[in-house]
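# Coordinate inspection notes
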Amino acid sequence: MVPQLLGISSSSAEIWIYILASILLRLCVSLGPYSGKGKSPMYGDYEAQRHWQEITFNLPIQDWYTNSSLNDLQYWGLDYPPLTAYHSYVCGWLASKIDMDWVKLGDSRGIESNQHKLFMRITVLVADFIIFYTAVFAISRICKRDDKTTNNGRALLLLGVFYPGLVLIDHGHFQYNCISLGFMLWMVFCFERDSDVLGSVAFCLALNYKQMELYHALPVFFFLLGKALSRPWDKCKLKLAQLGITVILSFVILWLPFLSSFESITQVVGRLFPFNRGLFEDKVANVWCSISPVIKIKKLFDQTNILRLCSCSTLLLSLPSCLHLMFHPNVKALKLSLVNVSLMFFLFSYQVHEKSILISAVSAILICEKLSPYLVVWFLHMTTFSMSPLLTKDGLMMQQYTSSVLFLFITMLCFWHHNHVRLNKQGKFHNVAHGLYWMSIICTYLLGIISILTKPPEKYPDIFPVLISIFSCAAFLLSAACFHVYQFVPNFLT
């Protein structure tokens, strides 16, 4: 009644309630601790982002990725692409206008004042709203336009803005994943509208903000190649040339300050791909980390052979999805391939971080419009659970469990009570899936609570992070199998 009195449609009012509630969730999470809080001398990701701001603001652009007395690369040296550096410069410039001590080179290391924390949190929230929120909203409107019989658009909006994994990492742990993932969503929006050039630009922006968007490079390449090859040869050549020039120009513009010499280029590339770090760090829910308690890959092979093993297994397992996409270059197949290939990269590639699962998770939000919400919601929940060791280290356990329970509650209301997206109860595996869904979710909470309340045995100090990684990896392998089946046989899960 109130929305009508104010001249607002009930649908618009409901959407604004979702948006405001999700912003409130982000603000609540941001009140908690962050990565490396009070842990000198290196601190954590919060300090890394702040340090990049002082480096980019105080040093010439040619020195941003170069080791020097003023830029010690061992102390959180820039290791993200140029667009991240430009964003850091803008934030550093804004910080200098408020308090120059926040970006005073060298003297500001480890600053943790409440005023500076407020500034940093606001920069994430603003970036999140401008790039990620708008992209989710734009795609949800397309879903609503294309399918007026259900409320798939509203479901996609809910999953996008309330997904706890992204909220916890960006607004808790502290990063700006919302920017690269937002550009990725804008890419999909452009492809939905058949604007391949703008979509290519959006992907270049995503890739030049975080190199982890390479997880999506193969699906994008095969999608655009398939679209071009489906045309007559003359139009195909023109399309390929158009897309090639778009990508090259985008990279040249973004990398222009670093193209002065070959040495400058290799210095930046070397920072983006540090192969000397090893197969994996910490406990990651991928295959190599999960089998490491039994099969010591790091001891069996040298680094060169490990690189070959990871590269070959990743590419071979990504190829079926990519080839299917090339022969069926439609947006629905693209969305599924974005999930499938990014999952293969997370599960089998080299030097994977636990936060990289966000790439697959946000991609999975795109397929909720057609696939059973059981699978998508369950996968999103498991991606958040897989980052439990990292979030526990940050002191964000309360925020993790609260936001995860809230997410499950909201999706239950959306999918069951309000019937915004109807569960397909006539599906072949509905009863089994329903039981496994709740059983596995209960197991995640039990395992999480036990890991917090129980002291691990001295002989196995990392047993709980390892168990979480193995359990999550098994869930990701199962999800990947289902997503692949659905890409090749769309009616199998319906």
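Residues numbered from 1 in each chain as written. Predicted model: local features only at pLDDT ≥ 70, side-chain atom pairs only at ≥ 80, totals over all residues. Heavy atoms only, no water.

## A look at the overall build of the protein chain
For clarity, the cut-off: By definition, any uninterrupted DSSP run of H or I lasting at least four residues is a helix, any uninterrupted run of E lasting at least two residues is a strand, and each is numbered from the N terminus. The atom set for the radius of gyration is the C-alpha atoms, and the globule formula is 2.2 Å times the number of residues raised to the power 0.38. Summary of the burial criterion: residues with accessible area below 20% of their type's maximum are buried, those above 50% are exposed, and those between are partly exposed, where the area comes from a 1.4 Å probe applied to protein chains only. Every residue pair with non-hydrogen atoms within 4.5 Å of one another is taken to be in contact. Per-residue and other accessible areas were derived by the Shrake-Rupley procedure at a 1.4 Å probe size, with only the shown protein chains allowed to occlude residues. Charged residues are defined narrowly, with Lys and Arg counted positive, Asp and Glu counted negative, and His plus the chain ends left uncounted. We put the charge of a Lys on NZ, of an Arg on CZ, of an Asp on CG and of a Glu on CD.
Tallying secondary structure elements over the protein chain gives 22 helices and zero strands in all. For 494 residues, the compact-globule formula gives about 23 Å, and the C-alpha radius of gyration of the protein chain, at 23 Å, lands near that figure. Its C-alpha atoms put the protein chain at 65 × 65 × 65 Å along the principal axes. Taking all 494 residues of the protein chain together, the buried fraction comes to 54%. Sequence-distant contacts in the protein chain: of pairs separated by 6 or more residues, those separated by 24 or more amount to 77%. Element-wise, carbon and sulfur atoms account for 68% of the exposed surface of the protein chain, whose accessible area totals about 22,100 Å². Computing the positive centroid from 38 side-chain charges and the negative centroid from 29, the protein chain places the two 8 Å apart.

## Description of the environment of Ala 135
In this fold, Ala 135 is placed in helix α5 (residues 114–146). For the pair Ala 135 and Met 184, spaced 49 residues apart in sequence, the C-alpha separation works out to 8.7 Å.

## Here's the deal with the nonpolar core
What counts, and what does not: We call a set of buried residues a nonpolar core when its members are Ala, Val, Leu, Ile, Met, Phe, Trp, Tyr or Cys and they connect through side-chain atoms within 4.5 Å of each other.
Formed by 143 residues in total, the largest nonpolar core has its most connected members in Leu 185, Met 187, Leu 343, Phe 346, Leu 347 and Phe 476. Not counting chain neighbours up to four residues away, the residues in contact with Phe 346 comprise Tyr 215, Val 284, Ala 285, Asn 286, Val 352, His 353, Glu 354, Ser 356, Ile 357 and Phe 476.

## Focus on unusual backbone geometry
In the segment running from Ser 40 into Pro 41, the intervening peptide bond is cis, with an omega of 5 degrees. Looking at the element boundaries, Pro 41 is found in the loop between α2 (10–30) and α3 (45–58). One non-glycine residue, Trp 76, lies in positive phi territory at about 50 degrees. The topology assignment puts Trp 76 in the loop between α3 and α4 (82–98). In the Ramachandran plot, Asp 194 falls in the positive-phi region, its phi being about 65 degrees despite a non-glycine side chain. As for its position among the elements, Asp 194 is in the loop between α8 (177–192) and α9 (196–207).

## A closer look at the packing of aromatic side chains
Quick note on the threshold: Only Phe, Tyr and Trp rings are paired, with Trp represented by its six-membered ring, and only when their centres lie within 6.5 Å; those with planes under 30 degrees apart are stacked, over 60 edge-to-face, the remainder tilted.
Per the stated rule, a full pass over the model turns up 21 aromatic pairs. Summarising the aromatic geometry, the rings of Trp 52 and Tyr 80 are spaced 5.3 Å apart at their centres and angled 70 degrees between planes, so their arrangement reads as edge-to-face. Within this pair, whereas Trp 52 is found in helix α3, its partner Tyr 80 is found in the loop between α3 and α4, the two being separated by 28 residues in sequence. With centroids separated by 5.3 Å and ring planes inclined at 90 degrees, the aromatic side chains of Trp 186 and Phe 189 adopt a geometry described as edge-to-face. Of the two residues, Trp 186 and Phe 189 both sit in helix α8, three residues apart, roughly one turn of that helix.

## Overview of helix α7 (residues 164–174)
With eleven of its eleven residues buried, α7 lies for the most part within the structure. Restricting attention to buried positions, one finds in α7 the residues Pro 164, Gly 165, Leu 166, Val 167, Leu 168, Ile 169, Asp 170, His 171, Gly 172, His 173 and Phe 174.

## So, the environment of Ser 35
Filter applied, for reference: Pairing of N or O atoms within 3.5 Å defines a polar contact, subject to two protein rules: one partner must be a possible hydrogen donor and the other a possible acceptor, and residues neighboring in sequence count only if both atoms are side-chain atoms.
Tracing the backbone through its elements, the reader meets Ser 35 in the loop between α2 and α3. Taking the C-alpha atoms as reference points, Ser 35 and Leu 229, separated by 194 residues in sequence, lie 47 Å from one another. In terms of polar contacts, Ser 35 uses its side chain to reach the backbone amide nitrogen of Asp 45, at 2.9 Å.

## As for α4
Keep this limit in mind: Here, expected helix span is obtained from the residue count minus one, scaled by 1.5 Å.
Its 17 residues place the ends of α4 25 Å apart at the C-alpha level, agreeing with the 24 Å of an ideal helix rising 1.5 Å per residue. Within the span of α4, buried status applies to Pro 82, Leu 83, Thr 84, Ala 85, His 87, Ser 88, Cys 91, Gly 92, Ala 95 and Ser 96.

## A few points about the pattern of salt bridges
Operational definition: We define a salt bridge as a contact between a side-chain nitrogen of Lys or Arg and a carboxyl oxygen of Asp or Glu at a distance within 4 Å.
Tallying each qualifying case throughout the model produces eleven salt bridges. In this structure, Asp 194 engages Lys 227 in a salt bridge whose closest nitrogen and oxygen atoms are separated by 2.6 Å. A residue pair is termed long-range when its members are at least 10 positions apart, and Asp 194 in the loop between α8 and α9 and Lys 227 in helix α10 (residues 217–229) qualify at 33 residues. Judged by its relative accessible area of 13%, Lys 227 is buried. A single network of salt bridges, built from pairs that share partners, joins Asp 194, Asp 196, Lys 227 and Lys 239.

## Structural notes on the confidence of the model for the protein chain
Predicted coordinates in regions of low pLDDT should not be interpreted in detail. Test applied: In predicted models, pLDDT denotes the confidence assigned by the predictor to each residue on a 0 to 100 scale.
For the protein chain, mean pLDDT is 89; residues scoring 70 or higher make up 90% of the total. A low-confidence stretch, residues 417–426 (pLDDT under 50), is modelled with 24 contacts involving residues beyond four sequence positions or located in other chains.

## A short note on the side chain of Asn 71
As for its placement among the helices and strands, Asn 71 is situated in the loop between α3 and α4. Look at Asn 71 and you get buried, because its relative accessible area is 1%. Polar side-chain contacts of Asn 71 include one of 3.1 Å to the backbone oxygen of Asp 63. From its side chain, Asn 71 meets the backbone oxygen of Trp 64 in a polar contact 3.0 Å long. In contact with Asn 71, other than residues within four places in its own chain, are Ile 55, Leu 59, Asp 63, Trp 64, Tyr 65 and Thr 66.

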